[in-house]
Amino acid sequence: MISIRNLSHQIGGAPILTDISLDLPRGKISALIGPNGAGKSTLLSLIARLEKLQGGSVIVGNLTVGSCSNRELAKHLSILPQMPDQVPRLCVRDLVSFGRYPYHQGRPTADDEAAVEHALAVFGLTGLAKRSVDELSGGQRQRAQIAMTFAQDTEYMLLDEPLNNLDIAGARSLMALLRDLADNHGKTIVIVLHDINYASRYADWLVAMHDGQIAVEGAPAQTVTSDLLRDVFQTDADIQHIDGLPIVMV
Amino acid sequence: MRSRLIWLAVILCLCCIGYMTIGARGPLSFVIPFRGTKLAALILVGFAISTSTVLFQTVSQNRILTPSIMGFDALYVMILTGAVFFLGGMAFVGLSDQIIFAVTASAMTLAALALFSTLLRSAHSNLMRMILTGIVLGALFRSLTDFMQRMIDPNEFSVIQGASYARFAQIETDLLMIATVVCCVGVGLAWRMRFALDVMTLGREAAVSLGVDLRRTQMKALVLTAVLVAVSTALVGPVAFLGLLVVSLARLVTPIEKHGVLFVSAGLISAITLIGGQTILERLFKLSTPLSVVIDLLGGALFLILLLKGHRR
Amino acid sequence: MTRWYWAGGFALAFLSFISIFVGVIDLSFGDLWRDPEALRLIGISRFPRTIAAVIAGGTLAVAGCVMQMLVRNRFVEPMTAGTGQGAALGILVVTILTPQASIFLKMSLASVTALVTSLGFLAIVRRLPPTQPLLVPLIGLVYGGLIGAAVVFVAYQADLLQFISVWLNGEFSGVLRGRYELLWLAAAGAALTYFAADQFAIVGMGQAVTTSLGLNYKQVVLVGLIAISLISALTVVTVGIIPFVGLVVPNIISRLFGDNLRRTLPLVAMMGASLTLGSDIAGRLIRFPFEVPVGTVLGVVGAAIFLWLLYRTPRYA
């Protein structure tokens, strides 16, 4: 479980997050949704210790972010940042291998290599293993990066808007993969999403943010309502229910 | 605006008087022609540099570039060195300075056209790459110059040594006659272009729709820039950031987008900087550092600030 | 990959062999047996000179490679982005304040000023938008030029111009036994960076990835900057500024073999050494018996390759 208590954050005097307390369930996919500037990415960065905590606490499993060792946390928590604009000239296998760095610190063992091969296989990258990352398509690149995060083999995985560069096929197969990681590998996944429908379809738990605060949280069936759309997203749209799942008629 | 220009002219006059009188020893009949020619050369250089910079900034549509930054004066020195290198110093010494100047200046103009016209056209698509190219080209020219200088016999070397570094204190007065003529013609032609240049500051599209022949104007401006840079480099050597410094100052003093005003104020400020700076640094403070180094420092800092200002995150 | 290591090693050995036998004093292979003077000449001048070129070139290429990872931009290198000029400033200041200072003191202070100027460069780069990758090398060149102008200014005031011309344009003709040994420290520094090669490769993927993999980003960057500054300072103190090696070599290697530094750093070092040694040999031969400084040769060759790289890689270089 990730427990967040009384988290506040400011950037240059402007409040980004105000007094957030939140528990994200273990072994599930939680999606952070909300309009632009709601503070979703900042919250994710704080959990991942990419930004320094200013006030409040974050506990991941039994590790307290900020006081536990960086390397230790790296074995329990990984983050897939928004895709960098400059892609390294590494072959896919080398990139994925770097995911094992927290364990081997530069001297990979047979176990590490097996983990890398496994990650390549899970993400269907075995055939591309020798290709350079900068020659891949956006979707393949994204998969390679997620494979690296997967190879890191952490219980908690954070993903910041991973669907940004993907077409519908790529986005769906990625979400299905995450679903599989949560259901069959026991991963706890926190993901920032733009599209409510993807969140509603694939996530177990939704956290809607607005102006640096939590507006609503809960299972998709209870949270995605016309109230949410009106109050948080400032838009009026119909909601239809298909197989019990709320779908926003965009 | 007019009163500001008059003030600048008055300051320039004061600087000239200071330059002529402070620390002068010996009979007036010696001092006046001796310092007078240098003064004339400095004024000439001042106007050549400011005019070429204004022209270049307008056709490249940005305010952080100068011909020097883009390697124009390095190109001139390289061509001069190349001439000595390939023709041999002996043949060179036989020629008069005027002919050498005319030949190298023409070669410089052609080379500048060939190199920078394509580069300029890419400016609007990728300005950073163009500036970077210019700076690296400048470095390349300087290294090539150094290279050729080392290949030349030490005796021949002295022919060109003077042109390789900036020196406002010792000016090549031999060239003053031809330089005056070329500079006056160049500045005059630039002055005649002032209205077309005003239109160009509105942007490419606006200029085209207002009936300005973009490529012709650009070419003309580039030729004038090359010629004026040749004049100033022949007289005092490469000047690095002087153009940037004085034109940026001119834009502060006379903040108006009219080339009729900008040419005058930039020219006056440029001459003031050279003559006043020379007088103050070397005659009053007895600083051993030449003015060119001080200008390099100030101008370099200004360039860095301008670059950063345009691109803060 | 091993094949390429062999090729690089062979090229370097070949160039070193040539370097030993090329110079003003005529020396042939057979002299080694016949003439005791020949061995003395090699021991005092040719061998030190060859080693100096190999170490300076190799370490500068490594430093350039590390700097490109830290700044996340392929068009920077210490000798044109202020680190080398900072080192020159440091030497100059020590020379003025305490002319009798030992070479070791000079080197230490030069390393400190080089570190300060590189930190300054990094601080500036941090504020630049990531959408303008070419702004970084541009700022670097201007920043380096500015510090260079400051060096010239101070030198004029202190009447030390002839000193700085040695530091600002590198050459190996002054390298003799007893005057180059500090460079071994630079070699040691570059060798140490090899142990952190993975960490620099990770830092090259950005702060988020670095942190996520459990590394302390700031610490790795600082270690890298210290290594770069040390290498630059030692090079400037012993042979002067050698431009462009650190820029073009890592680019070419990265183009051919990618960015896995653990595998490519040895190649970077070998190619940097070969390029520098080759340029030095060329400088000795072109205008025999006079010499063209290696800084000038590389100024021409390096700038030309730089321009080529600039136009080969349109944007996301």
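Think of each chain on its own: its residues are numbered from 1, step by step along the sequence as written. As a convention, the first chain written is A and the first ligand written is 1, with the rest following in written order. Local features are withheld for residues below a pLDDT of 70 in this predicted model, meaning they are given only at 70 or higher, and side-chain atom pairs are given and counted only at 80 or more; totals for whole chains, interfaces and linings count all residues. In computing side-chain properties, one takes all heavy atoms of the structure into account and sets aside hydrogens as well as water.

K.L.:
Can you help me understand the overall build of chain A in this one?
P.N.:
When helices and strands are counted, chain A shows 10 helices and 12 strands. Taking 250 residues into account, the globule formula puts the C-alpha radius of gyration at 18 Å, and chain A, at 18 Å, falls close to it. C-alpha extents for chain A along the principal axes are approximately 50 × 40 × 35 Å. Put simply, 65% of the contacts in chain A that link residues at least 6 apart link residues at least 24 apart. Here the accessible surface of atoms and residues is derived via Shrake-Rupley with a 1.4 Å probe, and residues count as covered only by protein chains that are part of the display. About 10800 Å² of surface is accessible on chain A, with carbon and sulfur atoms providing 48% of the total. The charge count includes Lys and Arg as positive and Asp and Glu as negative, but it does not include His or the ends of the chains. By convention, charge coordinates are those of NZ in Lys, CZ in Arg, CG in Asp, or CD in Glu. Distance between charge centroids for chain A: 7 Å, based on 21 positive and 28 negative side chains. Only DSSP runs of H or I reaching four residues or more are called helices, and only runs of E reaching two or more are called strands; each is numbered from the N terminus. For this measure, only C-alpha atoms enter the radius of gyration; the expected value for a globule follows 2.2 Å times N^0.38, where N is the number of residues. Contacts between residues were defined by any pair of non-hydrogen atoms, one from each residue, lying within 4.5 Å.

K.L.:
Looking at this model, I keep getting lost on the pattern of salt bridges. Mind explaining?
P.N.:
When their charged atoms lie close together, side chains carrying opposite charge are able to pair. Residues and elements named next belong to chain A. Whenever a carboxyl oxygen of Asp or Glu lies within 4 Å of a side-chain nitrogen of Lys or Arg, that contact is scored as a salt bridge. Using the criterion set out here, one finds 16 salt bridges over all chains in the structure. Where Arg100 meets Asp112, a salt bridge forms, and the shortest distance between an N and an O atom there is 3.0 Å. Taken together, the residues Arg100 in the loop between helix H3 (92-97) and helix H4 (101-104) and Asp112 in helix H5 (residues 110-122) connect sequence positions 12 residues apart. We note that Arg100, like Asp112, is buried. For Arg230, the salt bridge is made with Asp227, and the minimal N-O distance between the two is 2.9 Å. Here Asp227 and Arg230 lie together in helix H10 (residues 226-231), a separation of 3 residues that amounts to about one turn. For the exposure calls, accessible area comes from a 1.4 Å probe over protein chains only, and a residue counts as buried if that area is under 20% of its type's maximum, exposed if over 50%, partly exposed in between.

K.L.:
Teacher, can you tell me more about the side chain of Asp160 of chain A here?
P.N.:
All names here are of chain A. By the secondary structure assignment, Asp160 is in strand S7 (residues 156-160). Here Asp160 occupies a buried position and makes no salt bridge, while the nearest side chain of opposite charge, Lys40, is found at 7.8 Å. Any pair of nitrogen or oxygen atoms within 3.5 Å is treated as a polar contact; in protein, a donor-acceptor pairing is required on top of that, and neighbouring residues in sequence qualify only through side-chain atoms on both sides. A polar contact is formed between the side chain of Asp160 and the side chain of Ser41, at a distance of 3.1 Å.

K.L.:
For this particular structure, what's the right way to read helix H1 (residues 2-21) of chain C?
P.N.:
Residues that lie three or four places apart on an α-helix share one face, since the helix turns once every 3.6 residues. All names here are of chain C. Expected helix span is computed as 1.5 Å times (number of residues minus one). An ideal rise of 1.5 Å per residue puts 28 Å on 20 residues; H1 measures up with 29 Å between its terminal C-alpha atoms. Buried within H1 are the following residues: Gly8, Leu12, Leu15, Ser16, Ser19, Ile20 and Phe21. Contacts from the buried residues of H1 go to helix H2 (31-34), helix H3 (36-71) and helix H13 (261-286).

K.L.:
Help me understand the pairing of strand S11 (residues 239-242) of chain A in this model?
P.N.:
Residues in a regular strand point their side chains to alternate faces of the sheet. All names here are of chain A. Whether two strands pair depends on DSSP finding at least two bridges between them. Direction of pairing for S11 relative to strand S12 (residues 245-248): antiparallel, over a ladder of 4 bridges. Along S12, the bridge assignment pairs Ile242 with Leu245. The loop that links S11 with its antiparallel partner S12 comprises 2 residues; one of these, Asp243, has a positive phi angle of about 50°.

K.L.:
So what exactly am I meant to see when it comes to the nonpolar core here?
P.N.:
Side chains of nonpolar character tend, in soluble globular proteins, to be buried together. Joining through side-chain atoms within 4.5 Å is the link that ties buried Ala, Val, Leu, Ile, Met, Phe, Trp, Tyr and Cys residues into a set, and such a set is a nonpolar core. Phe72 and Phe303 of chain B are the most contacted members of the largest nonpolar core, which totals 254 residues. No fewer than three residues from each of domain 1 (2-76 + 154-248) and domain 2 (85-153) of chain A sit in this core. Ignoring any residue separated from it by four or fewer positions in sequence, one finds Phe72 of chain B in contact with Phe56, Pro67, Met108, Ala112, Phe116, Leu222, Thr225, Ala226 and Val229 of chain B. Core analysis: the second largest hydrophobic core is formed by 27 residues, Leu32, Ala38, Leu44 and Leu46 of chain A among them. Annotation comment: domain bounds sourced from an automatic or database domain assignment.

K.L.:
Help me out: how do you make sense of the interface of chain C and chain B in this one?
P.N.:
In this assembly, 39 residues from chain C lie in contact with 36 residues from chain B. Summed over both partners, the accessible area (1.4 Å probe) lost when two parts come together is defined as the buried area. In this assembly, chain C packs against chain B so that about 3500 Å² is buried in total across both faces, 75% of it on carbon and sulfur atoms. For the interface between chain C and chain B, the tally reads 0 salt bridges. If you look at where chain C meets chain B, you find 2 residue pairs in polar contact (both at pLDDT 80 or more). For the side of chain C that touches chain B, the secondary structure elements donating two or more residues are helix H5 (103-126), helix H6 (135-158) and helix H14 (294-312) of chain C. The leading source of residues in the side of chain C that touches chain B is H6 of chain C, at 14 residues. Here the term charged refers only to Asp, Glu, Lys and Arg, the term nonpolar to Ala, Val, Leu, Ile, Met, Phe, Trp, Tyr, Cys and Pro, and the term polar to all other amino acids, Gly among them. Each residue belonging to the side of chain C that touches chain B can be placed in one class, and the counts come to 30 nonpolar, 5 polar and 4 charged.

K.L.:
Can you walk me through the packing of helix H2 (residues 28-60) of chain B against helix H8 (residues 176-192) of chain B in this structure?
P.N.:
Helix packing for two helices is described by the angle between their axes and how far apart those axes are. Residues and elements named next belong to chain B. To define axes, lines are fitted to C-alpha atoms, for helices over the stretch in contact only, and angles between the resulting N-to-C directions are given on a 0 to 180 degree scale. The geometry of H2 relative to H8 is characterised by a closest axis approach of 10 Å and an angle of 35° between their N-to-C directions. Where H2 crosses over H8, the two elements pack in a sense that is left-handed. Residues Thr37, Ala40, Ala41, Leu44, Phe47, Ala48, Thr51 and Leu55 of H2 form the contact with H8, whose own contacting residues are Leu176, Ala179, Thr180, Cys183, Val187 and Ala190. Each residue belonging to the contact of H2 with H8 can be placed in one class, and the counts come to 11 nonpolar, 3 polar and no charged. A clockwise turn of the near helix away from the far one marks a right-handed crossing, whereas an anticlockwise turn of less than a right angle marks a left-handed crossing.

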